[in-house]
Each structure stands twice: as structure tokens, then as C-alpha cells.
Amino acid sequence: MATLIVFHEVEDGEHWAKAWTPGPGSRHEMFARIGVSARTFKNPEHPNSVGLILEVPDMERFQAFMASDEANQAMEEDRLKVDTLRMLGEFSP
């Protein structure tokens, strides 16, 4: 299991947060289809600065999904500023 920290800027933090509201069609549901669980975060002082902690059981599947049209469409719908996207993977020195 890989643990990732993902952070980025969005055009509208409230709009982004609504996409993560649990239920049918949510981003939680979208990631769960590939076995990924997500915890969401938002900077209280800068609400358009958001992040996730992801638990990823299969990195190859995750990377293929992130390159898919579905993921790209979701990022566009969520008004994600893709050029600000950063991802950190947990490691043991």
C-alpha cells in the first residue's frame, strides 16, 4: 500500500469540496472504484489551496487512471489548476 500526499490549487475551493461530498458520483466513489481511499484537506486561510492523502493499493492502476480521460475530465470539472499539482510518496530512509 502506497501513501501519497497530493496538493494543488483550484479556482474555487468550495466547488472542489462539493465534488468530494460522499455519495453517488463523488470523487470518493470515483477513487474507490480503483481501490483508493482519500482524505481531503483545505487551507483555512487560502481556501483555493487543497490537498489529499491517498492510500493506493496498486500504483500502476492509479497512474493509469490518473492519465485517463475520466480523471482529466474530473480535474477540469473540479477546476483544478493542473500546473500546480504536486505529489509526494511516503518512503522509508
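Residues numbered from 1 in each chain as written. Predicted model: local features only at pLDDT ≥ 70, side-chain atom pairs only at ≥ 80, totals over all residues. Heavy atoms only, no water.

Caption draft 1: Structural detail: the sheet that holds strand β4 (residues 80-89). Here we have four strands laid out as an open sheet, ordered β2-β3-β1-β4, and antiparallel in their pairing. Each having just a single partner strand, β2 (37-42) and β4 make up the two edges of the open sheet. Put simply, the sheet's adjacent strands are angled 20° from each other on average, direction ignored. Bridge count between strand β1 (residues 2-10) and strand β3 (residues 49-56): eight bridges; the pairing is antiparallel. The residue of β3 that forms the bridge with Val 6 is Leu 52. (Pairing = 2+ DSSP bridges. Helix = DSSP H or I, 4+ residues; strand = E, 2+ residues; numbered from the N terminus. Axes fitted to C-alpha atoms, helices over the stretch in contact; angles between N-to-C directions.)

Caption draft 2: Representation of the pairing of β1 in the model. In the sheet, β1 pairs with β4 via six bridges, with the strands oriented antiparallel. Following the sheet pairing, Glu 9 is matched in β4 by Lys 81.

Caption draft 3: Examining the nonpolar core more closely. Formed by 18 residues in total, the largest nonpolar core has its most connected members in Phe 31, Val 36, Leu 54 and Phe 62. Looking at this core, the elements with two or more residues in it are β1, α2 (27-32), β3, α3 (59-66) and α4 (69-77). Here this core gets four residues from one element, more than from any other, and that element is β3. Once residues lying within four places of it in the same chain are set aside, the contact partners of Leu 54 are Ala 2, Thr 3, Leu 4, Val 6, Val 36, Ser 37, Ala 38 and Phe 62. (Core = buried A, V, L, I, M, F, W, Y, C linked by side-chain atoms within 4.5 Å. Buried < 20%, exposed > 50% of the residue type's maximum accessible area, 1.4 Å probe, protein only. Contact = heavy atoms within 4.5 Å.)

Caption draft 4: Representation of the side chain of His 8 within the structure. With respect to the helices and strands, the residue His 8 is situated in strand β1. For His 8, a relative accessible area of 5% translates into the label buried.

This is a description of form; function is not addressed.
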